[in-house]
Each structure stands twice: as C-alpha cells, then as structure tokens.
Amino acid sequence: MSRPISSYFAKRPTLAFASCPQPKAAACNSKPGIREALQKVFGLDDFRGMQEDVINATLAGKDCLVLMPTGGGKSLTYQLPAVVDDGVTLVVSPLLALIQNQVDALNKIGVNAATLNSVLKAKERKEILLVRNLPSNYYTTPELMATEAFRSTLIKLHTRFMLARLVVDEAHCISEWGHDFRSDYRKLRWFKDNFPSTPIMALTATATESVRADIIKQLHLPAPPELAVFVSTFNRANLHYEVRFKTPDTSNDPYQDVLHFLKTIYDNRKKRLAQGTTTGERAEGVCGIIYCATRSSCDDVSEKLRADGVRARSYHAGLKDTERRAVLTAWSGTDAFSTVMPSDKASENVTPQIDVVDVVVATISFGMGIDKKDVRFVIHWDLSKSLEAYYQESGRAGRDGKASRCVLYYSHQDRDRQIYLLQQDTSSTENTRRNAFESFSKMVEYCENVKTCRHVFIDQYFGASGLTTEVLCPSKRCDVCKDPKTLAKAKTKALAPPAEAGGFMSAKQFEAGGNLRLKDGSWVAPVKQKRTIGGESSLDFGIVGGEDYSRSKKSRYTVDNIGSGSDEEGFGFRTGAGRRIKDVTVSRFELLGRQTNREVTFVSAREMAKTQHPLIISDTHHVADLSCDDRERGYLQLLKALGISMRPDDDASWAWGMLDGILDEEQRGNLLEYVAASIENQCFLASKICNVYKNKWMQRVKEIRHEEPTVKIVWDDLKREFLKLNGY
Ligand SMILES: Nc1ncnc2c1ncn2[C@@H]1O[C@H](COP(=O)(O)OP(=O)(O)OP(=O)(O)O)[C@@H](O)[C@H]1O
C-alpha cells in the first residue's frame, strides 16, 4: 500500500509514530511506492545499479553493507526509504559540512530533514531531545551519538517504535584499516547492542576486504547471508586516469603542463564551438579541481592561473569563511554557459563578489559532500595519502557520467615528504600508523605502475571483481592502456636512481674522484684531502682505508673527528649536482690520513659501489653535539636490524626474492650496508640536534624490525640504486 505523495512533505505528528508498531516496511511499501517517490520526490527517472535492491532490503528490515563508488548514488538508498517508511532514519555522517549540504538539498526538494548541531537554537535542540517533531531523515555525527543525552533520546525513540534504522555513512571511518579512521565511529557498536532488531545500513565508497570485515565486526553486524552485502563495481569507466612524473630538473614543470592541458581543452572547445553546434558556451567553461598539499601552493597556483587567463580561485582553511563560501557558491553555480560578468575584474579584490569560477585550487578538505556533476577534471598537484583517498578525491570528476580526466603528478620527493609526514605523526596508534603506511605504499605502487591498467589496479584493490582490462577499460581510458611505452620511458627518466638522474655522483665522477684499491685487495675510499696548514691550501690525494675488508672487522673504527669542520680532516669529492660532500669510510677502514707508499690501482665505479661507504659527512650540515661515535652507533644498529630482518643467508626472505641468483651472500651483505648507510645519512641530514638524530634512527630501527611498508619502499629504492651502481 503506497502512501499519498503529499504526506512525504508533511510534518508527522509524534502520536502517529507512538501508535505505530516497529516498521516492517516490506509489508506497507510495495515497489510502486518507492518508484513513485523516486520520480515525484527525487525527480529521477529510474534507479541506478543496485539502488533498488538496497532500498528493498533495508525496507524489509535487513542489515545492509553497501559498497558503491563515489558518485554511485548511495544517498538515495537511505534517503528514499526514510521518505516512504515510518519512523526516523538516523544518519551518522563524519562532517557537519557534509551533513548540512545533504539536509539543505533534501529540504530544497521538500523532504523533511534536519540535524542536531551546535548551530541550532536551544529550543530546537530541546524539542529534538524530547523527541518532538523529528524529521524522517535525521542527521547526526558519531561524536553526538556517543553522548549520554543523545543515547537516552534514542532509547525514547526506540521504546515509542519510532526508530526505523541507523545509517552509517562513510563507514570505512570505523576501521583502523580505513584511510579516515575516526575513533568515535567505534562507539556506534552501542546501537546494535541496544537495539538488535533495528536495521543498520553501512555505506562506503572505499573499502578493501579487510575494511569490510572490520566494519561488520565493529558495528556488531551479523554475518552474511543475514547481512545483505551489496558490492557495486568500483570502476568509474568514464574517468581517464593518468600519472605524470615531475622530473628532478625543470624540464617538466607541472604548472606549464597543467596550463598546456587546460589550453588544449579550450582550443578543442573553440573548434567545436566554431562548428556552430552550441551557442552561448564559453570555451573556458571547463570545470575542475586542482588539489595541492599546502595552502601556499593553492594560492600560488591559483594566482598563476588567473594571470594566465584561467578563472581559478584557491580554497583552503586559511581563508575567511565568507571568502570560502563565495568561492564555493561561484564554482558550484558556474557552468560552460555562465556569463562572464563585467564586474569580474573588480571582484579580484572583493572576494565575496566572485561571479565565475571554473577551477578551484584546493587542499583536500575541499570536496566532501559537494555534488557538482560537471567536474571535467581533477588534478593532483601532490600525492594523496592513500589510494582510497585518491579514488575518492579523483572520483569527484565526472559524476554526470561524462568523460573526465584525473591527472596525478608524482615524484620521489613528494613520496618522501609524505613518508616523512607519516613518520612524524605521533598522534595515532601504532596500528593506525602501520595501516597509514600500508595504504600509502599502495598509492606509491599505483603511481609507479606502468604495466597494469589503472582501472584494473583500482578494481583489484577495492573490489577484486576479477574483470579484465577489456571490460573495465575498453576505450583505453588510462595512460597505461593508451601508451605504456611512453609512460615507462617517462618514469625511467624521472625516477631513475640518482646516478642516472644526476642527483648525486655519476659513475664517471666516481672514477674521476680517484677510487683506489690497494694491490693486496683492500679498498680505500675516494678522497681528496684539502690542507690549509700554515695558511697554504693544497689538494692532495689521501687514503682512507687500508685493511682488507672482512665482515669480522667491519666495526673497526679509528676516525674520530671527521666532519668537525677542520679543513685538515676534510675529504671529499663533488656530487653530480655539483655539491661538495665529504665521504669517509669509517667502519671498514683505518684512516691513514697521508699518502701511502703502498701500491694502488684505480677501480671501477661498479666495484666502488659494492663497498661504497657508509657515513657520508656533509660539510654544509652539522648536528649539534653529535660525535662520530654516535653516528657509527646509529649506522651499526640500523645494519643490525636490517641483518636480522633480511638475513643475507636466508634465501626465503621477502627481501631477496627478486634478487635470487643475482646477488650472492656477500653482495647481499654489501647491499645491507649500503641501505643502512643511506638511512643513517637521511636521519643525519634531517636532524639539527643530537637527540632528534638518535630518535630518528631508533624510529627507523623499529620500523625495520616491524617490517613496516615504508621500509619496503625505501628498501626497493635503495636496492634499485645499488643494483644500478653495480651495473645490473
Ligand atoms: N537513480 C539515479 N538516477 C540519476 N541520478 C542519480 C540517481 N541516483 C543518484 N543520482 C545522482 O548521482 C549523484 C551522486 O549521488 P550521491 O551523492 O548519492 O553519490 P554518493 O554515492 O553518495 O557519492 P559520494 O561517495 O561521492 O558521496 C547525485 O547528483 C544524485 O542526484
């Protein structure tokens, strides 16, 4: 029996609920009821994908877990049941801004929806807490749900049979495995414990297998088949995914690249418009979002774009509320036909008068809950913190189903900065940190992938539907499918190890630096010694080393004041980038500190790299109160941790899998030393005082022991570098 449409708009008297038994929707809402609501209330012609099945399941009183892609139409699956069903549908959502957008949108189409938040007047709050005049769609936050006052309201609602269902939106926030863990989401389990027969609907756009399992566990939901699980494809077939590499030199300036990208779209539009198929359309009316990591880069990029004739504005937490609202309103209302107002010039200085905004340059806080359908591109100036986040952010493009572009700029510097930020995050638990690294390493894998279709990559990560490239990406809507060779080349050019990319020393420079090997087979470091004795400067070859290297002797160490700033002790050579560094072998060699009459021969860069040493001492960076002993200790502890985690004689270890048959045991030992030295050097360069340095290497040791994903990333990189240096 379907209800008259007029009743959807009316406020329902409390008593009507009080006399109503616990809603058993299937009995009183047949298919025509929901179709009628779909068309007359929501103004939509038909259901999409699994929407109708989900709606029927929740109306039948089933607990549901719904996984649908961003823009897939999740909201309708709970907003519509709330309209056709009796009682209150309680929706938990993570952000007030998100809630307000949804409430406004529902009120706009005449649906009774509200939220309890701090903005409400005391009288309104009281009314709600007294369970009066409750709307069918009632939004709240997890924090409020955890309060005693609100819980007692829910108990009141329940005893009056007015609680229709709980909806948990963005349900991945409940899981530590999810990319947006919110501890208050965990407290939502209280609901099932207290109202076991009231259905729950948990929805998310991004949940891997483990996150799904965690959502079920944390919300105390039953296992399938009692729980109805709906998994739509995660594939957004209309999105074209692409990764562009930032090169260490300036040959690929992302800004110029973006500008070129925009201008090309404008030119194409101009041509199309010249053919006269449409009138009134602006060629520049291409709506997009550019995500940047920092507020200042948002401001920089948007200013540059404006100077280059693109109607762009920045949006971030550093702006005043009024400015942000003005940008959002203008951008939301702008389309290809928007009139460029004459006041546009003037509005440059008076932000609230902004009229037309095509491109928003924003930090990631922008976008959640914004339902703009015609976003034609989403560009990531910087990396997202996880593949889930990237999928969600890029998914803001093409919600109307039309072809749209998602471009991400990537470099190892960006990657390392993000790793650094994750390492610095001391607010989270060990588990959360670990998961954050895990998610981030998947993001890195996505960026560096040049073989798997990006649609397939995403599908494998979230849905594992097993569908092939032909099904998921039939029209070559990603860079991998389009031109894998060019992509692979661009990657090699941009991400090659330093020796090739010119970041540090090249093989030639290594040799030119005078790498010496004693006739008896022992190694020496490449050094030139600068002397300023008696006011005279001179450059001599010096030798750092002497004894044959063997593992048992590796901790012999006699250089104490290296890097103290004394010119007499200065050894070094120039790096590929022209920076002078000092390179001193300490654990393997004795410092002779003067010319030796022992016979020497030059060795190749390849051989040098095998024993390339350890403590690299910068002449531009000093750490207060740090002695060489301290550094040696850090290095040895790192080496020890690596040796335990990746034993050179353990062929079964994950670390050697790929290197099986390439490196023998001794070479593996050399590789570990190379890695330990590089990590130690990173800790050194990132510290200004001794304690910070110590904390850093101790943290790294801990990560190595736990085999955290970040270690694997660093390991992979350094391993590649090492192999390259060794000519593999
Ligand atoms: N059956 C339908 N027919 C046409 N349009 C629909 C249908 N269902 C939803 N939409 C539209 O699709 C857009 C996305 O819907 P919605 O905001 O519910 O997506 P979502 O899955 O919640 O996405 P996100 O995860 O990004 O929040 C909205 O503009 C909505 O009006």
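The shown structure was predicted, so the numbers you read here are calculated from the model rather than taken from an experiment.

Here we come to the site of the ligand. Close to the ligand lie 15 residues; Asp46, Lys74, Ser75, Asp371 and Arg399 are nearest. At 2.7 Å, a side-chain N or O of Arg399 approaches an oxygen atom of the ligand. Coverage of the ligand by the protein amounts to 80% of the 630 Å² it exposes when considered alone. Here the residues of the shell around the ligand sort into 3 nonpolar, 6 polar and 6 charged. Shared between two domains, the shell around the ligand takes at least three residues from each, and those domains are domain 1 (34–231) and domain 2 (239–275 + 283–334 + 354–495).

Note that Ser441 resides in helix H19 (residues 430–448). Residues within four places of Ser441 in sequence aside, it is in contact with Pro709 and Ile713.

Successive side chains on a regular strand alternate, one facing one side of the sheet and the next facing the other. Among the 5 residues of strand E6 (residues 200–204), 5 are classified as buried, and the element is accordingly described as predominantly covered. Residue alternation in E6 divides its side chains into two sets, Ile200, Ala202 and Thr204 and Met201 and Leu203, and both sets are buried. With 4 bridges joining them, strand E1 (residues 63–67) and E6 adopt parallel strand pairing. The residue of E6 that forms the bridge with Leu67 is Thr204. Bridge analysis of strand E5 (residues 163–168) against E6 gives 3 bridges, and the strand direction is parallel. Each residue of the ladder has a partner; that of Leu166, found in E6, is Ile200.

Let us look at the environment of Ser386. Summarising the element assignment, Ser386 is placed in the loop between strand E12 (377–380) and helix H17 (387–394). You can call Ser386 buried: its relative accessible area is 2%. Through-space distance from the C-alpha of Ser386 to that of Met443 is 5.3 Å; in sequence the pair is 57 residues apart.

Before going further, it helps to spend a moment on the confidence of the model for the protein. Predicted confidence across the protein gives a mean pLDDT of 72, with 69% of residues reaching 70 or more. Contacts for the low-pLDDT stretch residues 342–352, under 50 throughout, to residues beyond four places or in other chains number 13 contacts. Segment residues 497–613: pLDDT under 50, and 257 contacts once partners within four positions in sequence are set aside and those in other chains are kept. Taken together, the chains of this predicted complex give a pTM of 0.64 and an interface ipTM of 0.98.

Moving on, we get to the pattern of salt bridges. In this structure the tally under the stated criterion is 22 salt bridges. For the salt bridge of Lys270 with Asp267, the shortest nitrogen-to-oxygen distance reads 4.0 Å. Residue Lys270 and its partner Asp267 are located together in helix H14 (residues 254–274), separated by 3 residues, close to a single helical turn. Take Lys270: its relative accessible area is 43%, and that puts it in the partly exposed class. One network of salt bridges, in which partners are shared, links Glu242, Arg244, Asp257 and Arg405.

On the basis of which strands lie adjacent, the open sheet formed by 7 strands has the order E3-E4-E2-E5-E6-E1-E7 and parallel pairing. Looking at the sheet topology across the chains shown, the edges are occupied by strand E3 (113–115) and strand E7 (227–231). Neighbour-to-neighbour, the strand axes of this sheet turn through a mean angle of 20 degrees, independent of strand direction. With 4 bridges connecting them, strand E2 (residues 88–92) and strand E4 (residues 137–140) associate as parallel partners. For Thr89, the partnering residue across the bridge sits in E4 and is Asn137.

Now for the sheet that holds strand E10 (residues 312–315). Spatially, 6 strands are ordered E8-E13-E12-E9-E11-E10 in an open sheet, and the strand pairing comes out parallel. In this open sheet, the two edge strands, each paired with only one partner strand, are strand E8 (239–245) and E10. In this sheet, neighbouring strand axes are inclined to one another by 15 degrees on average, regardless of whether the strands run parallel or antiparallel. Strand direction decides the pairing type here: E10 and strand E11 (residues 359–362), joined by 4 bridges, are parallel.

Put simply, Pro224 and Pro225 share a cis peptide bond, and its omega is 10 degrees. Checked against the element boundaries, Pro225 lands in the loop between helix H13 (209–218) and E7. Despite not being glycine, Phe161 shows a phi value in the positive range, around 60 degrees. If you trace the backbone, Phe161 turns up in the loop between helix H10 (148–159) and E5. Exposure remark for Phe161: the relative accessible area of 38% places this residue in the partly exposed category. Despite not being glycine, Lys476 has its phi angle at roughly 50 degrees, a positive value. The partly exposed category is assigned to Lys476, whose relative accessible area is 45%.

Another aspect to go through is the packing of aromatic side chains. Applying the stated criterion across every chain, the model contains 12 aromatic pairs. Their ring planes at 75 degrees and their centres at 5.6 Å tell us that Tyr446 and Phe457 sit as a pair that is edge-to-face. With Tyr446 in helix H19 and Phe457 in helix H20 (residues 454–462), this pair connects stretches of sequence that are 11 residues apart. Since its relative accessible area comes to 7%, Phe457 is described here as buried. Of the aromatic side chains, those joined through ring pairs into one cluster are Phe234, Tyr391, Tyr461 and Phe462. In this arrangement the basic side chain of Lys304 is found over the ring face of Tyr255, its NZ or CZ atom lying 4.9 Å from the centre. Against the face of Trp331 rests Lys372, its NZ or CZ located 5.5 Å from the ring centre.

Reading the values: rules and limits
Residue indices begin from 1 for each chain and proceed along its sequence in written order. Only residues with pLDDT of at least 70 are given local features in this predicted model, and only at 80 or more are side-chain atom pairs given and counted; all residues enter the totals for whole chains, interfaces and linings. As a rule here, side-chain values come from all non-hydrogen atoms in the structure, and water together with hydrogens is ignored. Neighbouring residues are identified by heavy atoms, a residue being near a molecule or strand if any of them is within 4 Å of it. Distance and chemistry together define a polar contact, namely a pair of N or O atoms within 3.5 Å, with one atom able to donate a hydrogen and the other to accept it when in protein, and with adjacent residues in sequence counting only for side-chain atoms on both sides. Every accessible area reported is derived by Shrake-Rupley at a probe size of 1.4 Å, with residue values counting cover from the shown protein chains alone. Residues are grouped as follows: Ala, Val, Leu, Ile, Met, Phe, Trp, Tyr, Cys and Pro are nonpolar; Asp, Glu, Lys and Arg are charged; every other residue, Gly included, is polar. By convention here, the domain bounds are inherited from an automatic or database domain assignment. Numbering of helices and strands starts at the N terminus; helices are DSSP runs of H or I of at least 4 residues and strands are runs of E of at least 2. A contact between two residues is defined here by any heavy atoms of the two lying within 4.5 Å. When accessible area is computed with a 1.4 Å probe and restricted to protein chains, residues below 20% of their type maximum are described as buried, those above 50% as exposed, and intermediate ones as partly exposed. For two strands to count as paired, DSSP must find a minimum of two bridges between them. Per residue, pLDDT captures the predictor's confidence, and it can take any value from 0 to 100. Think of a salt bridge as a Lys or Arg side-chain nitrogen and an Asp or Glu carboxyl oxygen that are within 4 Å of each other. Each axis is a line fitted through C-alpha atoms, taken for helices only over the stretch in contact, and angles between the N-to-C directions span 0 to 180 degrees. Classification of ring pairs uses Phe, Tyr and Trp, with its six-membered ring standing for Trp, and accepts pairs whose centres are within 6.5 Å; under 30 degrees between planes counts as stacked, over 60 as edge-to-face, and the remaining range as tilted. Throughout this description, the term charge over a ring refers to an Arg CZ or Lys NZ atom that lies within 6 Å of the ring centre and within 35 degrees of the ring normal.

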